[in-house]
Structures are given as structure tokens and as C-alpha cells.
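A structural walkthrough
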Amino acid sequence: MLQLKDILYKVTINAVAGSTGIDINGVYFDSRQVSNGDVFVAIKGTLVDGHEFIETALENGAIAIVCETLPSELKDGITYIEVESASQALAYMAANFYENPSENLRLVGVTGTNGKTTIATLLYHLFKKAGFKVGLLSTVKVMIDNTEYKATHTTPDSLTINKYLKMMNDEGVEFCFMEVSSHGIHQHRTEGLHFEGGIFTNLSHDHLDYHETFAEYRDVKKSFFDKLPKSAFALVNIDDKNGLVMLQNTQAKTYTYALKTYADYKAQVLENEFSGLLLKLNDSELWTKLIGSFNAYNVTAIYGTAELLGLEKVEILRLISELESVSGRFQYLISEEKITAIIDYAHTPDALKNVLETINSIRTNNEQLITVVGCGGDRDKTKRPKMGHVASALSTKVIFTSDNPRSELPETIIEEIEKGVEPQNFKKTMSIVDRKQAIKTACQLANSNDIILIAGKGHETYQEIKDERFDFDDYKIVQEFLKQLQK
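The text that follows walks through the structure, step by step, so that each part is easy to find.

Once that is clear, we can look at the sheet that holds strand β11 (residues 197-200). Two modes of strand pairing occur in sheets, parallel and antiparallel, and in both the strands are linked by backbone hydrogen bonds. One open sheet holds the 11 strands; their spatial order is β9-β8-β7-β10-β6-β11-β12-β13-β14-β15-β16, and the pairing between them is mixed. Here the strands that pair on one side only, and so sit at the sheet edges, are β9 (147-150) and β16 (284-288). Taking the axes of each pair of neighbouring strands and ignoring which way they run, one obtains an average angle of 20° across the sheet. With four bridges joining them, strand β6 (residues 106-111) and β11 adopt parallel strand pairing. Counterpart to G109 in the pairing with β11 is G198.

The next point concerns the environment of K260. Counting through the fold element by element, K260 comes out in the loop between β13 (253-258) and β14 (265-273). Through-space distance from the C-alpha of K260 to that of I238 is 8.8 Å; in sequence the pair is 22 residues apart. The contacts of K260, once residues within four sequence positions are left out, are D239, K266 and Y297.

With that out of the way, let us pick up the sheet that holds strand β19 (residues 369-373). Pairing in this open sheet of six strands is mixed, and the strands run β17-β18-β22-β19-β20-β21 from one edge to the other. Edge positions in the sheet fall to β17 (331-334) and β21 (429-431), since each of these pairs with one other strand and no more. Going from strand to strand, the sheet's axes swing by 15° on average, the running direction of each strand aside. Most of the contacts of helix α10 (residues 349-362) go to strand β22 (residues 451-455), to which it runs at about 170°, and overall it touches β18 (340-344), β19 and β22.

Helix α14 (residues 474-486) packs onto helix α13 (residues 435-445) with a crossing angle of 40° between their chain directions and a minimal axis gap of 9 Å. For the element pair α13 / α14, the angle class is oblique. Between α13 and α14 lies a crossing whose hand is right-handed. Only D474, I477, V478, F481, L482 and L485 of α14 make contact with α13, whose side of the interface consists of R435, K436, I439, K440 and C443. The residue makeup of the contact of α13 with α14, split by class, is seven nonpolar, no polar and four charged.

Another aspect to go through is the environment of H188. Tracing the chain through its elements places H188 in the loop between α5 (182-186) and β11. Separated by 151 residues in sequence, H188 and I339 have C-alpha atoms that sit 46 Å apart.

Right, let's talk about the pattern of salt bridges for a bit. The full count for this structure, using the stated rule, is 22 salt bridges. In this structure, the salt-bridge partner of E99 is K166, at a minimum N-O distance of 3.7 Å. Residue E99 is found in the loop between α2 (86-97) and β6, and its partner K166 is found in helix α4 (residues 158-171); the two are separated by 67 residues along the sequence. Through salt bridges with shared partners, a single ionic network connects K381, R384, E408 and E416.

A word on helix α3 (residues 116-129). Here α3 spans 20 Å end to end across 14 residues, near enough to the 20 Å set by a 1.5 Å rise per residue. Every buried residue of α3 is accounted for by K116, T117, T118, I119, A120, T121, L122, L123, Y124, L126 and F127. Of the residues one or two after α3, G131 is the one with positive phi, at around 100°.

Right, let's get into the pairing of strand β8 (residues 141-144). Sheet topology note: the strand β7 (residues 134-137)/β8 ladder contains three bridges and is antiparallel. Counted as the bridge partner of G135 is I144 from β8. Count of turn residues in the β7/β8 antiparallel hairpin: three residues. For β8 and β9, the ladder comprises four bridges, and the chain directions are antiparallel.

So, on to unusual backbone geometry. Both trends apply: most residues other than glycine have a negative phi, and most peptide bonds are in trans. Not every positive phi belongs to a glycine, and F330 is a case in point at roughly 45°. One can find F330 in the loop between α9 (313-322) and β17. With a phi angle near 75°, N365 is a residue other than glycine that sits in the positive phi range. For N365, a relative accessible area of 55% translates into the label exposed.

Another aspect to go through is the packing of aromatic side chains. Using the criterion set out here, one finds 11 aromatic pairs in the structure. When the centroid spacing of 5.0 Å and the interplanar angle of 80° are considered together, the rings of F132 and F175 count as edge-to-face. One end of the pair, F132, is in the loop between α3 and β7; the other, F175, is in strand β10 (residues 175-179), and 43 residues separate them in sequence. Overall, F175 belongs to the buried group, its relative accessible area being 1%. Measuring from ring centre to ring centre gives 5.9 Å for Y265 and Y303, while their planes differ by 70°; the resulting arrangement is edge-to-face. In this pair, Y265 is assigned in strand β14 and Y303 in helix α8 (residues 293-308), connecting sequence segments 38 residues apart. Judged on exposure class, the residue Y265 and its partner Y303 are both buried.

Here the focus is the nonpolar core. Formed by 42 residues in total, the largest nonpolar core has its most connected members in L126, F127, F177, I199, L311 and I320. Residues within four places of I199 in sequence aside, it is in contact with V108, G109, V110, T111, I119, L123, F225, L235, Y257, A301 and T305. Core analysis: the second largest hydrophobic core is formed by 33 residues, L105, V180, I185 and V236 among them.

The subject of this paragraph is the layout of surface pockets. By volume, the second largest pocket is sized at about 400 Å³. Considering the residues around the second largest pocket, the lining is formed by 20 residues, among which T190, E191, G192, L193 and K227 are closest to the centre. Elements that contribute at least two residues to the lining of the second largest pocket include exactly α2 and α6 (214-226). A total of three residues in the lining of the second largest pocket trace back to one element, the largest contributor, which is α2. A class-by-class count of the residues in the lining of the second largest pocket yields nine nonpolar, seven polar and four charged.

About the thresholds
Residues numbered from 1 in each chain as written. Predicted model: local features only at pLDDT ≥ 70, side-chain atom pairs only at ≥ 80, totals over all residues. Heavy atoms only, no water. Pairing = 2+ DSSP bridges. Helix = DSSP H or I, 4+ residues; strand = E, 2+ residues; numbered from the N terminus. Axes fitted to C-alpha atoms, helices over the stretch in contact; angles between N-to-C directions. Contact = heavy atoms within 4.5 Å. Parallel < 35°, antiparallel > 145°, perpendicular 65-115°, else oblique. Left-handed = near helix turned anticlockwise from the far one by under 90°. Nonpolar A, V, L, I, M, F, W, Y, C, P; charged D, E, K, R; others polar. Salt bridge = Lys/Arg side-chain N within 4 Å of Asp/Glu carboxyl O. Expected span 1.5 Å × (residues − 1). Buried < 20%, exposed > 50% of the residue type's maximum accessible area, 1.4 Å probe, protein only. Phe/Tyr/Trp six-rings, centres within 6.5 Å; stacked < 30°, edge-to-face > 60°. Core = buried A, V, L, I, M, F, W, Y, C linked by side-chain atoms within 4.5 Å. 1 Å grid on protein atoms, 1.4 Å probe; cavity = no way out; pocket = protein on both sides within 12 Å on 5 of 7 lines; lining within 4 Å. Points joined across faces, edges and corners; volume = space filled by probe spheres on them.

Below, the structure is given as C-alpha cells:
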């Protein structure tokens, strides 16, 4: 049985009332999950303040409260710990409670605006193919070797992270690849974890609803590298001007990758087709089934990471050539009518531009490129006109539609997207609020050899409207409509 004092190691404590030498059963930050003998950590969230639920936690059987502001009335027999940061305290307590599981495996974090899911997932598959037991913590799913669990956040809360890492320890997992979001870093969810490596992909317009400025967004990402230990490696994309910023204060061993600049891992695109990429990577040629220059960056990061983790160069090249694209990341199908439909998660202006430029670099311009795109509700509004500008400038036709409108009116979101369309591109665009109808219309407009891009939701199998989730899968829906055209 663990005692409270055992799990407070590394926590910055301001004051203690009561004994820390008490046995505890569990740690929770949701008062509804608390039962007899548990510790409740009161976290000030963006929407809810956990301090308001201290009384509920005590009624449910909490014997210790960890908080930033002590209640005015302290109850007998209850231990109160006042801390500097409750979210940081939770991270250290979670790691201690689960016996610091990150120290028993080789954990690599991937951060940046675009490419996190692809890099983390493909590293998982590569190391599986190499014969290792591997873990994955990603936006799409959590994998503990061969067992899949549903993901709820890009970076889960610190209790969930450590619980999964402990399960990986129990399964004998040796490597784990983890997406690290700016929200996760800012909310201290990755504190107390021992990383063997960190990868930086790129930085572009995203999450400015949460981070007030781009500089803050960049600095939050940078703080992940600042905290890497001397024993770790930091691998950054230096074609992005923020790559070198990530390395400014890190103690980790530093490495770079690039397509345009001299770097430790340098790639050159020799051929770019819908069937894949031929790359020159340092001094070797490599064929991959992944498509587009953005995937050339992803492959280069994967290659560098695998080498830094000790795999042989020849084996890495062979394993990369066997990798398939990740669900909802430039995932495509070709109908019997020779219409190509591409499903991609691109939900930032930069990601959408990358995908559209990749398609345009491969196509012959004798065919149409029809883009179906929207923007999520209750998220960064400043990117909406930029999405409209990029989509209309780089496509033959564009259908603006709903993404996950959440609590917002989809018509309002579409109007804000349309503000970015330049006058010469107006005639290319139309708006259809119903996403399913928008996809159907794109299929009906397409002729043989045309390309349809359905952007924004990628791997998601739901649509969020007015706080309800409905089943919705872009891939299945476009597949169904293209089949109907064959009849």
C-alpha cells in the first residue's frame, strides 16, 4: 500500500495540514471518480475549477486534498496539501503512483503542428516490424503492443498517460512513441515523464484560440525540449525557422533533418507520384508508399529517429519501404470510373496547402481537383479565412461545408471561411452545409481521372454538432457515393 508521502516526491509544496503518512488507494482529479481512501487533486481548468468540487470529493470518501488554494475551513482527519501548480503536482503524483513507468521503457515524444500522428504511428509500425514490443499514444488510438484502446485527446491527462505506460511495462514493451501537443505541455501533462528523445516537425497557424499569440505557442513547444535530459536526443526540422529555436536551451544531444538545408538527415525527392515517393536520404535511395513532400519530411524524421534509437541503416530503409499511410492521412481510393478520392486530416491552412500542393505537383492539370473542406466550431476562428483562401486558390472547384460545428452555427463558420476567397476565385466555390451532401455533390461533379480531396476530419469517425456526436466517416461515405456512380 502506498502512502501519501510516497507520491509527493518532486511536488512543489507550499503548506501541509494533516499527516502525509497515510495509506492511499488512488489519485483522481474528477471528484465523481473519488471513493474511500483516495486523494483528490483540485485543478483549475479552462472551463471548470476543481476547487469547487472539494466538498463533493470529501463526501465521496477522499482522505487527502491537493489544491492551489486551501479551503477556508479544514476538516479534522483530512490531509490538505497546498501546491504551487495542481496540474504539475498531478503529473508528478501520477508518475510516482504508477512507479515511474516511463523510466522502464524508451519513450520518444513527437511535437509540432503537423505530422505528429503520422510520425508516431509509423515509428510504432516500424519498430513492430523490427520485432520489438512497442507502445503508441496518439490522437487516433493508444496501442499497448497488439492491444488497441480508444484515444480521447492528442495528449491524455497525466494519470491516463502513466496508467497506459504502466500497462506497457507489464506487457514488456520496450519502445513507446507519443504525440505531445501544445495543450499537453502547457497543462503539465508530460511533467515527470522520462523521454529518451524528442522530435520537432514544424510550426504553423493552429490553436491560437488557446495560446494567445504565435510566440506563446512556439515557446510552449520549446519548453518540451528545454526539459529533455542530457541523455536524450532532440531531432528537429530545420527547414522550419522554428527548428533551431527548439534547440536553444536544450541539454539533449541535438540532431537536424531537412529537405532544403544541410542537415544530419537530408532528403531529396527524386520522384513524386500517387503510388509513392522515391527519395535520396543521405547517401541511400529509398522508395516509400507515402505520398507528397510533407511525407518526405515525415520519412526523414522516422529514419533519423530509428537510427538514433540504434537500428541498423539497411534495416531501417527496408522497413520504411514496407510502411503504409496512416488512417486519414493522405488516404486514397480510386473508383472504377478512375476518380481518385483523398481523405486527409488537414485542418490548418499550412496542412491544407501542403496537401493541395502535393496533389497539384502530381496531377497533369487535365483533370479537376475538387476540394471539400470546412473548419471546426469553438476553435481558432482566425484560421477560417486562411483556409478559404488556400482551398480556393489551389483547387479547380471548392465545396465549403461543415466540419465539427460543435456549438456554433455551421452557416456562420462557412461565411467566415468564404471571407478569405479572392474575387477571381469566387466562381470556383459553392457552400453546402450538410457534409454528406457536400461529399455526394463532389462525387457527382467528378469525371474520370478527376481528384476529390476531402479535408479536415481524416481518421475521425464522428461529427460533433450541438454537443452531440453522430457517426460520420469521410472515407466510408465517399467510397459509398463513388460505388453508386458505377451503377
